[in-house]
Amino acid sequence: MAMAEFIDRRGFRIYHDFLDRAAQEALVGALRACLRVAPLYQPVTPRGQKMSVRMSAAGRFGWITDRRGYRYEERHPDGMAWPPIPAEVMAIWEAVADCTRAPECCLINWYGEGARMGLHQDKDEADCACPVVSVSLGDEGLFRMGNTERGGKTESVWLRSGDVVAMGGEARLKHHGVDRIRFGSSTLLPQGGRINLTLRVVT
Ligand SMILES: O=C(O)CCC(=O)C(=O)O
Ligand SMILES: [Fe+2]
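About the criteria used
- Residues numbered from 1 in each chain as written.
- Chains lettered and ligands numbered in written order.
- Predicted model: local features only at pLDDT ≥ 70, side-chain atom pairs only at ≥ 80, totals over all residues.
- UniProt positions renumbered as here; feature names shortened; annotations may be inferred.
- Helix = DSSP H or I, 4+ residues; strand = E, 2+ residues; numbered from the N terminus.
- Contact = placed C-beta atoms within 7 Å.
- Near = placed C-beta within 6 Å.
- Nonpolar A, V, L, I, M, F, W, Y, C, P; charged D, E, K, R; others polar.
- Core = buried A, V, L, I, M, F, W, Y, C linked by C-beta atoms within 7 Å.
- Buried ≥ 20, exposed ≤ 12 C-beta atoms within 10 Å, placed from the backbone.
- Expected span 1.5 Å × (residues − 1).
- Arc of directions from axis to C-beta.
- Pairing = 2+ DSSP bridges.
- Axes fitted to C-alpha atoms, helices over the stretch in contact; angles between N-to-C directions.

## Here we look at the UniProt feature "binding site: substrate" (unreviewed entry) in the protein chain
- UniProt records the feature "binding site: substrate" (unreviewed entry) at Trp 63, Tyr 70, Arg 71, Tyr 72, Asp 124 and Arg 150, using the numbering of this structure. These annotated residues cover 88 residues of sequence, and their C-alpha atoms reach 23.6 Å apart at the extreme, placing them across more than a single site.
- As for its position among the elements, Trp 63 is in strand 4 (residues 62–66).
- Each residue touching Trp 63, except ones within four places of it in the same chain, is listed here: Ala 57, Tyr 72, Cys 105, Leu 107 and Asp 124.
- With respect to the secondary-structure elements, Arg 150 resides in the loop between strand 9 (140–145) and strand 10 (155–159).

This is the structure:
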């Protein structure tokens with residue numbers, strides 16, 4: 001793994017080029033194995049809108065949304081247990097999380113052409129002492145960072161394949177989202193698109 005230097009933006013610690021190409025390829029291989037066990041599915045918000053990202057998860061819990069609400073579940077919507085979090089992913093957590101607890105969820109988001117994620121807070125976790133750690137693979141994504149309160153100024157950064165962001169401390173409950181991706185900007189994923197992993201302590 002590359003040296004752990006980061007840029008601090010409002011408490012978001014951005015580690016550009018944290019994973020080199022070989023590490024990214026190894027991670028994609030491990031994730032493909034996860035997705036064979038727990039395939040990507042299209043989530044629906046509690047209000048009934050289809051999300052543009054497709055999702056799956058690894059770990060004891062997966063974060064899901066459907067008409068019944070947002071929550072963590074120990075099973076995929078199709079009924080199977082989530083696969084274990086790959087060792088390569090755990091190693092990233094250990095390098096940047098600065099937290100004694102282990103992640104219990106690795107949410108897997110897949111962004112195809114036109115997919116985005118609106119500004120939101122990650123607040124369905126019981127313990128916010130640990131960060132949410134994000135790993136980006138494939139196409140570049142425009143990541144927007146805001147405030148703990150709704151509204152106010154935001155700033156954005158393009159996240160590239162291999163970048164890692166730790167959202168802890170003052171950034172833990174700050175709003176963030178992905179405005180758009182540059183579809184086809186990376187050669188990592190043969191079909192294009194962007195994968196984002198978020199590692200979370202849930203309980
Ligand atoms: O895709 C990203 O970079 C962020 C994803 C995110 O915020 C989430 O899954 O909660
Ligand atoms: Fe988030």
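Read on for the rest.
## Focus on the site of ligand 1
- In the vicinity of ligand 1 there are 13 residues, among which Asp 122, Ser 134, Val 178, Asn 196 and Thr 198 approach most closely.
- Of all elements in the fold, only strand 6 (105–111), strand 8 (132–138), strand 9, strand 12 (176–182) and strand 13 (194–200) reach the threshold of two or more residues within the shell around ligand 1.
- Here the shell around ligand 1 is built from residues that sort into five nonpolar, seven polar and one charged.

## Describing the nonpolar core
- Ala 57, Cys 106, Ile 108, Val 133 and Val 164 are the most contacted members of the largest nonpolar core, which has 50 residues in total.
- Sort the elements by how many residues they give to this core and strand 6 lands first, with six residues.

## Some details on helix 1 (residues 21–37)
- Taking 1.5 Å per residue, 17 residues should reach 24 Å; helix 1 reaches 25 Å between its end C-alpha atoms and fits that length.
- Of the positions making up helix 1, those classed as buried are Gln 24, Leu 27, Leu 31 and Cys 34. Down the axis of helix 1, the buried set is contained in an arc of 75°. They therefore lie on one face. Of the exposed residues in helix 1, those oriented more than 90 degrees away from the buried face are Arg 21, Ala 22, Gly 29, Arg 32, Ala 33 and Arg 36.

## Details of the sheet that holds strand 10
- Within the open sheet, the four strands sit side by side as 7-12-9-10. Their pairing is antiparallel. Looking along the sheet, the strands with just one partner apiece sit at the ends: strand 7 (117–120) and strand 10. With direction set aside, neighbouring strand axes in the sheet form an average angle of 25°.
- Across five bridges, the pairing between strand 9 and strand 10 is antiparallel.

## Brief notes about the sheet that holds strand 11 (residues 164–167)
- Spatially, 1-2-11-8-13-6-3 is the arrangement adopted by the seven strands of the open sheet, whose pairing is antiparallel. Across the chains shown, the open sheet's two edge strands, defined by having one partner strand only, are strand 1 (7–9) and strand 3 (54–58). Put simply, the sheet's adjacent strands are angled 20° from each other on average, direction ignored.
- Pairing between strand 8 and strand 11: four bridges, direction antiparallel. Bridged to Val 132 within strand 11 is Met 167.

## As for the UniProt feature "domain: Fe2OG dioxygenase" (unreviewed entry) in the protein chain
- In this numbering, the UniProt entry assigns the feature "domain: Fe2OG dioxygenase" (unreviewed entry) to residues 102–203.
- Secondary structure content for residues 102–203 is 0% helix and 46% strand, while the C-alpha to C-alpha distance between its ends is 11 Å.

## Describing the pairing of strand 2 (residues 12–15)
- By the alternation rule, side chains of strand 2 split into Phe 12 and Ile 14 and Arg 13 and Tyr 15, which are all buried.
- Counted between consecutive antiparallel strands, the loop separating strand 1 from strand 2 contains two residues, among which Arg 10 sits at a positive phi close to 55°.

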